[in-house]
Amino acid sequence: MSPVDSHRAWPESTLSRLPYWVYQDEATYRQELRRIFEGPAWNYVCLESDVARPGDFRTTFVGEMPVIVVRGEEGRIHAFENRCAHRGALIALDDGGTAKHFQCVYHAWSYDLEGNLLGIAFEKGVNGRGGMPASFCKAEHGPRKLRTTTLCGLVFASLSPAAPPITEYLGAEVHGRLARVLKKPMEVLGRYVQALPNNWKLYVENVKDTYHASLLHAFFGTFRITRLTQGGGVLVSPDGAHHTSYTIDRADDRTSTAYREQGIRSEKQSYRLADPSLLDTVDEFGDGIQLQILSVFPNFVLQQIYNCLAVRQVLPKGPDAMELHWTYFGFADDGPEMKRRRLVQANLVGPAGYVSMEDGCIGGFVQRGAAAAGDELSVVNMGGEDAASAETRATETSVRGFWKAYRRYMGC
Amino acid sequence: MSASFSAIASVQPLIAQLNADYARAIDDDRLEQWPDFFTEPCVYKITSSDNHRRGLPAGLVYADSKGMLRDRVSALREANIYERQSYRHIVGLPAVLEEADGAIRAETSFLVVRVMRTGAMDLFATGRYLDVIVEDDAALRFRERLVVCDSSRIDTLLAIPL
C-alpha cells in the first residue's frame, strides 16, 4: 500500500473508531462536497416563509455551491445554482429580496424564476456584426437546477434525482419529532452567523453527541435543563443519518448525587441565577419534553431548549472552517409574554449563548488538538458499537449513526 | 438632532467619560463592575445592524434587568468554558442626539480588538452604541444600551460583553 493510501485507511468493521485525517484532508473534503452535499442528500436551504410570495428569493449554499431559492409565479419553489451560464459570475448578489427575473451584472444575461436562460444582451450582435452564433441554444445553457421539497415550513434542496421523498428520507420517528415543534406558522425573531474554526463534521457530531451536553455545558447540568440522569433518550433513523435527542425532567433527578459522585465540573452546587426569569418556561408542546435536539443529514439542526426555538444551517467552508447560520423563531400567534420569554431564553443559544458558545469553541479544540494525529483514532464507544435508538443519553449511538450514513454516501 | 449646542457642550464630555469608564471596566477585566453602569431596570442588547434594520428583536445577548447582567458575569466566571481572551475597545466621540425629560439619547461608534491567549489579535467587532442615559444615584447610567454590531457574523463565540 502506498503512503497516501495508508493515510486514508479506515478501521475495518467498526463505527466506534474514527481516523482524525477525516477532519483534515483536503481531497476528502472535496469528495464530501460532491458525494454528500451535491449528492443524494436533502440540504436545508431556507424557511418557506423566507420565500412567501412569487418572486421572493433567498441566496444560500448547498455545500459550497451558491444557490438561489425562489418562489415562481405559479407558486412552486425553485432552486438553481447562483452562477451565470456565460462566465460563471454570481447572478444574485443579495441575501434575499423580490425579483421578476434575474440578470447577471457582468454581461446582462437574464434568467427567469426557474433558472432558465431567457435573454442574452446583443444576442444578434450590432448592425449585423458580432453576436452569438445562430446555432447557440439558450435552452441548453443555464445554471444547474436543484430539486426542492418542503416539510413543516422548511425548504430542502437536492442536486440528485436519487434523493428519496423527504418523509421517507427522514423516517417516521424523526419526521414526527420535527412536526412536534414545527406545528404552526413560524415567525423569525433574529438571524446570526457563527464562524467556527473546525471541520463541519465536528459540529454535526457535537449536535448528535448527547453524552457531552451536561458535561461540557455547566449551565445545562447545574440548572437541570438536561442531565444524563433525567428521563429521555435518543432516536436514530434506521439509516443512521438523522437523530433526535430529548430530555424529560424527573422528580427523582433533583436529589440525585450521580454528578457529584463523578466529580464533574459542570455541576456547580453553589451557582445560582440572580434573575431566574431566564429559566421561566412553559410546556408549550404539552408533553413534558424540555429539550429536544434534532438533526437532518447533512446540514440541518432544529433546537428546542425550553421555549427557545431555532434552526441552524451548517455550511462547510474548507477542511477546517464552517459557518453556522442561526435563525431564531417563535410562532406567529405568540403573545407578548411568550415573545419576551423567547427573547430572554435566546441567551442560552447562538454565538453568545450560555450553552452554545461552548459548542462554538469545542470543535476548534479538537481540530487543534488532533493537528498532528491524522493517523490516530478517535474513540466513539459509549453505549457500544451500534447506531440504534437508545433510552439513555449516556451513549454515542447517534454519532456512530452519522458515520454509518457518511461512509455509505462516501463509499468508504 | 434636536439637542441644542449648549446641551451638547455640557453633556458630551460626561458621556465620553462614561463610555471611557465602561470600556476600561471591560478591557481591564473588572466585569463585576459592569452591571453598575446600568439602571434598574435596564435594557442591554447586542444585535446586528441587519437585525436592527429589519426589526428582528432577538439579540445575541439580551438583558432587561441588572440581575441578568450579573448572571452574564457569573456565568463567564464560573460556568462557561472559553479560551482566555481580552478586548481592547476604541470608542468614538459620542453624538448627542436628544436631551429630554432628564434622558439623553446618544450614539457612539466602537471598535473592539480581541486578543487571544495565543497572542492572535483580530478585529472582532465594530458598530455603534445606541444609548439612553439618565442620572441615577449621583451618576450617569445606561437605561438602555443597544449594541448594534455592523456585521451579523461572529467569529467562534462572543463571551465578554461589548
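Because the structure is a prediction, the values reported are computed rather than measured.

A. Local environment of the overall build of chain A. Summing up its helical and strand segments, chain A has eleven helices and 19 strands in all. A compact globule built from 412 residues should have a C-alpha radius of gyration of about 22 Å, and chain A, at 23 Å, falls within 12% of that. On the principal axes, the C-alpha backbone points of chain A span a range of 85 × 65 × 35 Å. Partitioning the contacts of chain A with sequence separation of at least 6, the portion at a separation of at least 24 is 64%. Carbon and sulfur atoms make up 52% of the accessible area of chain A, which amounts to about 16,400 Å² in all. With 45 positive and 48 negative side-chain charges, chain A shows a separation of 2 Å between the mean positions of the two kinds.

B. Representation of the nonpolar core within the structure. Counting residues in each nonpolar core, the largest one holds 134 residues, and the members touching the most others are Phe219(A), Ile225(A), Trp403(A), Tyr44(B) and Leu162(B). For this core, the leading source of residues is helix H11 (residues 397-410) of chain A, giving seven residues. Not counting residues up to four positions away in its chain, the partners in contact with Phe219(A) are Ile225(A), Tyr271(A), Leu273(A), Leu278(A), Leu348(A), Tyr354(A), Val355(A) and Ala75(B). With 16 residues, the next largest nonpolar core counts Val70(A), Ala99(A), Phe102(A) and Leu117(A) among its residues.

C. Structural context of the environment of Val344(A). On the secondary structure map, Val344(A) appears in helix H9 (residues 336-345). Judged by its relative accessible area of 1%, Val344(A) is buried. Sequence-distant contacts of Val344(A), that is, excluding residues within four places in its chain, are made with Ser277(A), Leu278(A), Tyr62(B) and Met68(B).

D. Geometry of the pattern of salt bridges. Inspection of every chain in the model, using the stated rule, returns 34 salt bridges over all chains. Linking Asp239(A) and Arg408(A) is a salt bridge whose minimum nitrogen-to-oxygen distance equals 3.7 Å. Here Arg408(A) lies in helix H11 and Asp239(A) lies in the loop between strand E13 (231-236) and strand E14 (243-248), a separation of 169 residues in the sequence. With relative accessibility at 22%, the residue Asp239(A) sits in the partly exposed group. Of the charged contacts, one joins Asp28(B) and Arg30(B) as a salt bridge, the two residues approaching to 3.3 Å between their closest N and O atoms. Take Asp28(B): its relative accessible area is 37%, and that puts it in the partly exposed class. Linked by salt bridges that have partners in common, Asp50(A), Arg58(A) and Arg191(A) make up one network.

E. Local environment of the pairing of strand E6 (residues 121-136) of chain B. Residues and elements named next belong to chain B. Alignment of strand E5 (residues 103-116) against E6, held across 13 bridges, turns out to be antiparallel. Across the sheet, residue Leu-111 finds its bridge partner in E6, namely Thr-126. In this structure, E6 lies alongside strand E7 (residues 139-149), joined through ten bridges in antiparallel fashion. Within E7, the residue paired with Leu-130 across the bridge is Leu-146. Joining the antiparallel neighbours E6 and E7 is a turn of two residues, in which Asp-137 adopts a positive phi near 55°.

F. Spotlight on the confidence of the model for chain A. Of all residues in chain A, 95% have pLDDT values of 70 or greater, and the mean over the chain is 93. Scored below 50 in pLDDT, residues 1-5 of chain A shows one contact in the model against residues more than four places distant or in partner chains.

G. Local environment of the sheet that holds strand E9 (residues 117-119) of chain A. Residues and elements named next belong to chain A. Strand order in this open sheet of three strands is E7-E8-E9, and the pairing throughout is antiparallel. The open sheet is flanked by strand E7 (102-103) and E9, the only strands paired with a single partner. In this structure, E7 lies alongside strand E8 (residues 110-111), joined through two bridges in antiparallel fashion. Within E8, the position partnered with Phe-102 by the bridge is Tyr-111.

H. Quick look at unusual backbone geometry. Cis rather than trans, the peptide bond between Phe297(A) and Pro298(A) has omega equal to 0°. Omega for the peptide link from Glu40(B) to Pro41(B) comes to -5°, which places this bond in the cis form. Within the secondary structure, Pro41(B) is located in strand E1 (residues 38-48). One non-glycine residue, Asp137(B), lies in the positive phi region at around 55°. Note on placement: Asp137(B) falls in the loop between E6 and E7.

I. Seen up close, H11(A). Residue and element names in this part refer to chain A. Compared with an ideal rise of 1.5 Å per residue, which puts 14 residues at 20 Å, H11 spans 20 Å between its outermost C-alpha atoms and is within 8% of the ideal. On its buried face, H11 is in contact with strand E1 (17-19), helix H2 (26-37), helix H3 (166-170), helix H5 (200-208), E13 and E14. Phi for Gly-411, located one or two positions after H11, is positive at around 65°.

J. Local environment of the packing of aromatic side chains. Taken as a whole, this structure holds 32 aromatic pairs over all chains when the rule is applied. Taking the centre distance of 6.1 Å and the plane angle of 75° together, the rings of Tyr44(A) and Phe156(A) count as edge-to-face. With Tyr44(A) in strand E2 (residues 43-47) and Phe156(A) in strand E11 (residues 154-158), the pair connects residues that are 112 residues apart, well separated along the chain. Considered together, Tyr44(A) and Phe156(A) belong to a single accessibility category, that of buried residues. For the pair Tyr22(B) and Phe38(B), a centre-to-centre distance of 6.4 Å together with 65° between the ring planes defines the contact as edge-to-face. With Tyr22(B) in helix H1 (residues 5-27) and Phe38(B) in strand E1, this pair connects stretches of sequence that are 16 residues apart. The exposure classification of Tyr22(B) matches that of Phe38(B), with both residues buried. Site record: aromatic cluster; members linked through ring pairs are Trp10(A), Tyr20(A), Trp21(A), Tyr23(A), Phe37(A), Trp200(A), Phe297(A), Phe402(A), Trp403(A), Tyr406(A) and Tyr409(A). Over the face of the ring belonging to Tyr354(A) we find Arg72(B), whose NZ or CZ atom lies 4.2 Å from the ring centre. Sitting over the face of the ring of Tyr129(B), Arg145(B) holds its NZ or CZ atom 3.6 Å from the ring centroid.

K. Seen up close, helix H4 (residues 172-181) of chain A. Of the residues making up H4(A), those classed as buried are Val174(A), Arg177(A), Leu178(A), Arg180(A) and Val181(A). Taken around the axis of H4(A), the buried residues stretch over an arc of 155°, which confines them to a single face.

L. Inspection of the interface of chain A and chain B at higher detail. Contact with chain A, which involves 39 residues of that partner, is made by 37 residues of chain B. Approximately 3,300 Å² of surface area, both sides summed, lies buried where chain A meets chain B, with 54% of it carried by carbon and sulfur atoms. Arg368(A) is paired through a salt bridge with Glu83(B); the nearest N and O atoms lie 2.7 Å apart. Counting only elements with at least two residues in the side of chain A that touches chain B, the list comes to strand E12 (186-196), helix H7 (218-222), strand E18 (322-331), H9 and helix H10 (356-369) of chain A. Its residues assigned to classes, the side of chain A that touches chain B shows 23 nonpolar, six polar and ten charged. In terms of strand pairing, E12(A) meets strand E8 (residues 153-155) of chain B through three bridges, oriented parallel. Paired with Gln194(A) across the bridge in E8(B) is Ile154(B).

Rules of the game
Residues numbered from 1 in each chain as written. Chains lettered and ligands numbered in written order. Predicted model: local features only at pLDDT ≥ 70, side-chain atom pairs only at ≥ 80, totals over all residues. Heavy atoms only, no water. Helix = DSSP H or I, 4+ residues; strand = E, 2+ residues; numbered from the N terminus. Rg over C-alpha atoms; globule rule 2.2 N^0.38 Å. Contact = heavy atoms within 4.5 Å. Areas by Shrake-Rupley, 256 points an atom, 1.4 Å probe, with all protein chains shown as cover. Lys, Arg positive; Asp, Glu negative; His and termini not counted. Charge placed at Lys NZ, Arg CZ, Asp CG, Glu CD. Core = buried A, V, L, I, M, F, W, Y, C linked by side-chain atoms within 4.5 Å. Buried < 20%, exposed > 50% of the residue type's maximum accessible area, 1.4 Å probe, protein only. Salt bridge = Lys/Arg side-chain N within 4 Å of Asp/Glu carboxyl O. Pairing = 2+ DSSP bridges. pLDDT = per-residue confidence, 0-100. Expected span 1.5 Å × (residues − 1). Phe/Tyr/Trp six-rings, centres within 6.5 Å; stacked < 30°, edge-to-face > 60°. Lys NZ or Arg CZ within 6 Å of the ring centre and 35° of its normal. Arc of directions from axis to C-beta. Buried area = accessible area lost by both parts, 1.4 Å probe. Nonpolar A, V, L, I, M, F, W, Y, C, P; charged D, E, K, R; others polar.

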